[in-house]
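A structural walkthrough
Here is how the chains run, residue by residue.
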Amino acid sequence: MKDKTTALLLCIFLGGIGAHRFYLGQIGMGILYLCTGGLCGIGWILDIFRIGTMVDNYNMKFALLRGGANSNRNTNQNNVVINMTAPTPQAPAQPQTPPAQPTTENNGTQK
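Now for a look at the structure at hand. Everything numeric here is computed off the predicted structure, so don't read it as measured data.

Now for the overall build of the chain. A tally of helices and strands in the chain yields four helices and zero strands. Element order for the chain, N to C, with α for helix and β for strand: α-α-α-α. Across the 111 residues in the chain, those meeting the buried criterion constitute 18%. Looking at the chain alone, contacts between residues at least 24 apart form 42% of all its contacts between residues at least 6 apart.

Further remarks concern the pattern of salt bridges. Tallied over the full model, the rule gives three salt bridges. Between D47 and R50 there is a salt bridge whose closest N-O contact spans 2.9 Å. Of this pair, D47 and R50 both sit in helix α4 (residues 42-66), three residues apart, which is roughly one turn of that helix. Through salt bridges with shared partners, a single ionic network connects R21, D47 and R50.

The subject of this paragraph is the environment of G18. Topologically, G18 is positioned in the loop between α1 (4-14) and α2 (19-23). Sequence separation between G18 and T36 is 18 residues; the distance between their C-alpha atoms is 9.5 Å. Contacts of G18, omitting those with residues within four sequence positions, involve G30 and Y33.

Take the environment of G15 next. Relative to the helices and strands, G15 resides in the loop between α1 and α2. G15 sits in the buried class, given a relative accessible area of 0%. Separated by 18 residues in sequence, G15 and Y33 have C-alpha atoms that sit 8.0 Å apart. In this view, G15 contacts L10, H20, Y33, G38 and W44; residues no more than four positions away in its chain are not counted.

The phi torsion at L39 lies on the positive side, around 55°, for a residue other than glycine. Tracing the chain through its elements places L39 in helix α3 (residues 27-40). One non-glycine residue, C40, adopts positive backbone phi at about 60°. Structurally, C40 can be placed in helix α3.

Two measures describe an aromatic ring pair: the distance that separates the ring centres and the angle between the ring planes. According to the stated counting rule, one finds one aromatic pair in the structure shown. With centroids separated by 6.3 Å and ring planes inclined at 15°, the aromatic side chains of Y58 and F62 adopt a geometry described as stacked. Highlighted residues: Y58 and F62, both in helix α4, separated by four residues, approximately one helical turn. The residue whose ring lies beneath K2 is Y23, and the NZ or CZ to ring-centre distance is 4.6 Å.

Rules used in this analysis
Residues numbered from 1 in each chain as written. Predicted model: local features only at pLDDT ≥ 70, side-chain atom pairs only at ≥ 80, totals over all residues. Heavy atoms only, no water. Helix = DSSP H or I, 4+ residues; strand = E, 2+ residues; numbered from the N terminus. Buried < 20%, exposed > 50% of the residue type's maximum accessible area, 1.4 Å probe, protein only. Contact = heavy atoms within 4.5 Å. Salt bridge = Lys/Arg side-chain N within 4 Å of Asp/Glu carboxyl O. Phe/Tyr/Trp six-rings, centres within 6.5 Å; stacked < 30°, edge-to-face > 60°. Lys NZ or Arg CZ within 6 Å of the ring centre and 35° of its normal.

Here is the structure:
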């Protein structure tokens, strides 16, 4: 968790070289401020007014990643596990032969 006062002091005194951006984990913007003098001073001045929101955003992300009290996570511990065996493949069915017809003799009686 980052402190707003620390971030504001870094922004006021070292904002031209991006110290407050490095402090809030914004390495890319910190390097950009370092190379451009706080975006020619314009970004530095704007950041003085936005530093509170920037710290709040950082702290919110930090809390969510760490699973803080305000995080939105599932706390349901009622897990159900069902173990089932996979069905075994069956051999293809054998072709069935039609039943034999009873034979009759010349006189029409069955054998």
